[in-house]
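Okay, here's what each chain looks like letter by letter:
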Amino acid sequence: MNSDADIGGLFAPERVAVVGATERAGSIGAAILRNLDDFTGEVVPVNPSRDTVFGTACYPDVTSVPDPVDLAVIVVPPPIAVDAVREAGEAGVANVVVITAGFSETGTEGAQREQALRAVAAEYDLNLVGPNSLGVLSTPPGLNATFGPSNALPGSLSFMSQSGAFITAVLDWANDQGIGFKDVVSLGNKAVLDESDFLAHWRDDPETDVVLGYLEGVEDGRSFIDTAREVTQETPVVVVKSGRTEAGADAASSHTGTIAGSEAAYEAAFEQAGVVRAENVQELFDYARALDGLPMPDSEQVGVVTNAGGPGVMATDAVGDSRLTMASFTDETLSELEATMPDEANIYNPVDVIGDADIERFETALDTVLADDNVGCAIVISAPTAVVDFGELAAAIADRQAEHDTPVVACLMGGERTDRAAAVLGDAGIPNYFDPARAVGSLDALAVQREVEARDYEPPESFDVDRERAREILADAADRGATRLGVEAMDLLDAYGLPTPESAIVDDPDAAASAAASIDGDVVMKIVSPDILHKSDIGGVAVGVPQSEVADTYETLLTRARNYQPDAAILGVQVQEMVDTDAGTETILGMNRDPQFGPMVLFGLGGIFVEVLEDTSVRIAPVSGREAGEMVDELDSAPLLRGARGRPSADEAAIEEAIQRLSQLVTDFDAILELDVNPLLATADGVQALDVRLTIDPDQL
């Protein structure tokens, strides 16, 4: 990412140089020149082997062009592409698009070439797109500096994609659908400019109403979240993210690492950044149409008006699967519908105006529903009948939405007879769908954006912690060659204010007895070995040990551990205060470090159920107080923490503070790769970390 980049010149140049211009049929250079025929500025061919290209004077290099060039499009072969970019930099060109492939996507030699390209861009402070890019496009100046087969219709959507082929397919399809664009960019290998740079640019672009993206990954996760948060407060961002794999999960050694794979990181990042995620291309443009053309809803309550019972039920089911709810009509609305609808009609939501409804009945029902203060948005569904003209119905829907300023989507279900009606609706910014579920999905996207725009992003709290003590604990482990730590790292949690039971780690039976004597009552004893991950599975945990049996239990635990794994490094035994786990709920608090987004904090139901139920929520650290509260709210098992079926209510404030303290710990220390506090016992009196294990990278200390 070039955080200081002013990349407006990429989309609004006055003079474009095509380096590698040619007339050769089938060549990329020729295709780009032809695509630039409608450009309102000047196009300058550059090729040392030609005097003219398509009748236009051709220059041997960019430095020879007499007038300043704003954008250079590089289409020369890979071995000379870096030199061509350098020449553009020497000529004072600020914006460069490298179409040429053969860089990091091709292997070691290509990766070295890309590194050289990045160095040249840094030397000349270039806004560089690519390499391996389809190009850039902007409709206001008629700029199509791509080698795609189709131009774009003008519009207010701006679109970025890591796949050039995806852009060509989308533009071709969008032209058939009448969907237009402001800017389009093929990101290519993202050697310099990445998705965050374009998000930042479109944030400030008054002609971009919605940002769309097809991403296979992000370059700098933290930058993406921070930038997208600013953008989505005013401009919706809808993204399709491909590559739904649990990358890295196979190598994970903790519960958290297993559950919170790469896909969970992207889900969390998009949620925290306010990005609307689409599952496929259809959803991408369904959501885009709604967000581009409709007003924001006042609430998430939906009213449905239909002349067909079955599709009305389908819409109701889809609402049940979304964040939306079916609106409950006021008594006034029900009275009005009862007075104006036939006896056979259903006046409750979904309103069924029945199959013989004409335009007037539809309009009356919709007008009544939209006037209800409980209705934040609405869906009009109509199957084709002999008494309904879809064109007239479309006009009535557009008029009702304009009068009430409430988002309405339509499901005019049919074939060619819906074309004219869809055009009428489209002119009013109202999308039309055949499937009621797609209509609900679009309203759901509006509801997501409404919530995003209402958010107050608070900074994470900074707690008073003993950072130096934590560093010493990690450094001591690194000095002895340890990469996995267990209960010997409980002091790490203490240093960051996470409550732990009274305990001591001892390395002989007498010391164990002495440690137990300082604790009231029976104790818990655990083998301490970074090499034995599941201590209870091998009998490495003894619960409720009387004081008189502590020394013998010490010997028993060591014997079991050595029999189980003779080569395990055994540091001793932990003697710990007994905690009544029945007094609260066992939860898990953990972290896994994602290669793109950094530390992911996980919270959920813990104990032995964590990998069975996987009832967890994830956020990218640092985690704010609001986000910590959302992590608790999202759990299906949240009622267990809140006293369901007579259970004691847990101290949610203590849980949220523990989440934030762990977030601060893993943000402060890049050396912590994975961490599990399992269980974290949540009671009415607070929380206690009963066990911990973590993986570290000593080189990061």
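The structure presented is a predicted model; accordingly, all values stated were derived computationally and were not measured. (Residues numbered from 1 in each chain as written. Predicted model: local features only at pLDDT ≥ 70, side-chain atom pairs only at ≥ 80, totals over all residues. Heavy atoms only, no water.)

Asks: Would you mind showing me how to read the packing of helix 12 (residues 331-340) against helix 13 (residues 359-370) here?
Replies: Remark: helix 12 packs on helix 13, axes separated minimally by 9 Å, with the N-to-C direction vectors making an angle of 170 degrees. In this view, helix 12 runs roughly antiparallel relative to helix 13, as classed from their interaxial angle. Residues T333, E336, L337 and T340 of helix 12 touch helix 13, and the partners they reach there are T364, A365 and T368. Tallied by class, residues from the contact of helix 12 with helix 13 come to two nonpolar, four polar and one charged. (Axes fitted to C-alpha atoms, helices over the stretch in contact; angles between N-to-C directions. Helix = DSSP H or I, 4+ residues; strand = E, 2+ residues; numbered from the N terminus. Parallel < 35°, antiparallel > 145°, perpendicular 65-115°, else oblique. Contact = heavy atoms within 4.5 Å. Nonpolar A, V, L, I, M, F, W, Y, C, P; charged D, E, K, R; others polar.)

Asks: Please clarify how unusual backbone geometry should be interpreted in this entry.
Replies: Glycine aside, residues mostly have negative phi angles, and peptide bonds mostly take the trans form. Along the chain, N349 connects to P350 via a cis peptide bond; the corresponding omega equals 5 degrees. In this structure, P350 sits in the loop between helix 12 and strand 17 (351-352). The amide bond that connects A621 to the next residue, P622, takes the cis arrangement and shows omega of 5 degrees. A positive phi angle, close to 60 degrees, is found at K190, a residue other than glycine. Examined against the element boundaries, K190 turns out to sit in the loop between strand 11 (180-186) and helix 6 (195-203).

Asks: Could you clarify how one ought to interpret the packing of aromatic side chains in this entry?
Replies: One pair of aromatic rings is described through two measures. These are the centre distance and the angle between the planes. Taken as a whole, this structure holds twelve aromatic pairs when the rule is applied. Ring pairing ties together the aromatic residues F159, F166, W173, F181, Y214 and F285, which thus form one cluster. The ring of Y266 is capped by K241, whose NZ or CZ atom sits 4.3 Å from the centre of that ring. The aromatic ring of F669 is capped on one face by R467, whose charged end is 5.6 Å from the ring centroid. (Phe/Tyr/Trp six-rings, centres within 6.5 Å; stacked < 30°, edge-to-face > 60°. Lys NZ or Arg CZ within 6 Å of the ring centre and 35° of its normal.)

Asks: It is not clear to me how the confidence of the model for the chain should be interpreted in this structure. Could you clarify?
Replies: Interpretation of the predicted coordinates at a detailed level should be avoided for regions scoring low in pLDDT. Averaged over the chain, the pLDDT score is 93; the fraction of residues at 70 or greater is 96%. Counting contacts from residues 247-261, a segment whose pLDDT is below 50, to residues more than four positions away or on other chains yields 46 contacts. (pLDDT = per-residue confidence, 0-100.)

Asks: Looking at this structure, I do not really get the pattern of salt bridges. What am I missing?
Replies: When the charged atoms of two side chains with opposite charge come close together, those side chains can pair. Scanning the entire structure with this criterion turns up 36 salt bridges. The closest approach of N and O atoms between R229 and E627, which form a salt bridge, is 2.5 Å. Of the two residues, R229 is situated in helix 7 (residues 221-232) and E627 in helix 22 (residues 625-633); the sequence distance between them amounts to 398 residues. Across the pair, exposure class does not vary: R229 and E627 are buried alike. In this structure, D367 and R400 form a salt bridge, with 3.0 Å as the shortest nitrogen-oxygen distance. You can see D367 sitting in helix 13 and its partner R400 sitting in helix 14 (residues 390-404), a full 33 residues away along the chain. With relative accessibility at 26%, the residue D367 sits in the partly exposed group. A relative accessible area of 13% means that R400 is categorised as buried. Ionic contacts of the salt-bridge type, sharing partners, join the residues E271, E451, R455, R619, R626, E630 and E634 into one network. (Salt bridge = Lys/Arg side-chain N within 4 Å of Asp/Glu carboxyl O. Buried < 20%, exposed > 50% of the residue type's maximum accessible area, 1.4 Å probe, protein only.)

Asks: Honestly, helix 13 in this entry has me stumped. Any pointers?
Replies: Within an α-helix, residues lying three or four positions from one another point in the same direction, as the helix has 3.6 residues per turn. With twelve residues, helix 13 ought to run about 16 Å at 1.5 Å a step, and its terminal C-alpha atoms sit 16 Å apart, in line with that. Residues of helix 13 that are buried: I359, R361, F362, A365, L366, T368, V369 and L370. Where the residues of helix 13 are buried, they touch strand 15 (301-306), helix 12, strand 17, strand 18 (377-382), helix 14 and strand 19 (408-412). (Expected span 1.5 Å × (residues − 1).)

Asks: Honestly, the sheet that holds strand 11 in this entry has me stumped. Any pointers?
Replies: Through backbone hydrogen bonds, the strands of a sheet pair up, either in parallel or in antiparallel fashion. The strand order 9-8-11-10-12-13-14 describes an open sheet built from seven strands, whose pairing is mixed. Of all strands in the sheet, those with a lone pairing partner are strand 9 (143-146) and strand 14 (276-278), marking the two edges. On average, each strand axis in the sheet is tilted by 25 degrees relative to the strand beside it, whichever way the strands run. In this structure, strand 13 (residues 237-241) lies alongside strand 14, joined through three bridges in parallel fashion. The residue of strand 14 that forms the bridge with V240 is A278. The strands that helix 9 (residues 262-273) touches are strand 13 and strand 14; relative to strand 14, the one it contacts most, it runs at about 135 degrees. (Pairing = 2+ DSSP bridges.)

Asks: Even after reading the chapter, I still don't get the sheet that holds strand 23 (residues 541-545), so can you show me in this structure?
Replies: The strand order 21-24-22-23 describes an open sheet built from four strands, whose pairing is antiparallel. The open sheet terminates on both sides in strands that have one partner only, identified here as strand 21 (503-506) and strand 23. Strand-to-strand twist of the sheet, defined as the mean angle between neighbouring strand axes without regard to direction, takes the value 20 degrees. Both strand 22 (residues 523-528) and strand 23 contribute to a ladder of three bridges, which runs antiparallel.

Asks: What am I meant to see in the state of the cysteines here?
Replies: By definition, a disulfide links two cysteine residues through a covalent bond between their sulfur atoms. Going through the model one piece at a time under the given rule, you end up with zero disulfides. Lacking any disulfide linkage, C377 is separated from the closest cysteine sulfur, that of C411, by 13 Å. (Disulfide = S-S within 2.5 Å.)

Asks: Explain the pairing of strand 8 (residues 135-138) to me, please; I cannot follow it from the model alone.
Replies: Side chains on a regular strand alternate between the two faces of the sheet. Burial along strand 8 is two-sided: G135 and L137 and V136 and S138, pointing in opposite directions, are all buried. Where strand 8 and strand 9 come together, four bridges link them in antiparallel fashion. Each residue of the ladder has a partner; that of L137, found in strand 9, is N144. In sequence, strand 8 turns back onto strand 9 through a hairpin of four residues, with G142 there showing a positive phi of about 70 degrees. As judged from the three bridges shared by strand 8 and strand 11, these two strands associate in the antiparallel manner. Bridge pairing links V136 to V185 in strand 11.

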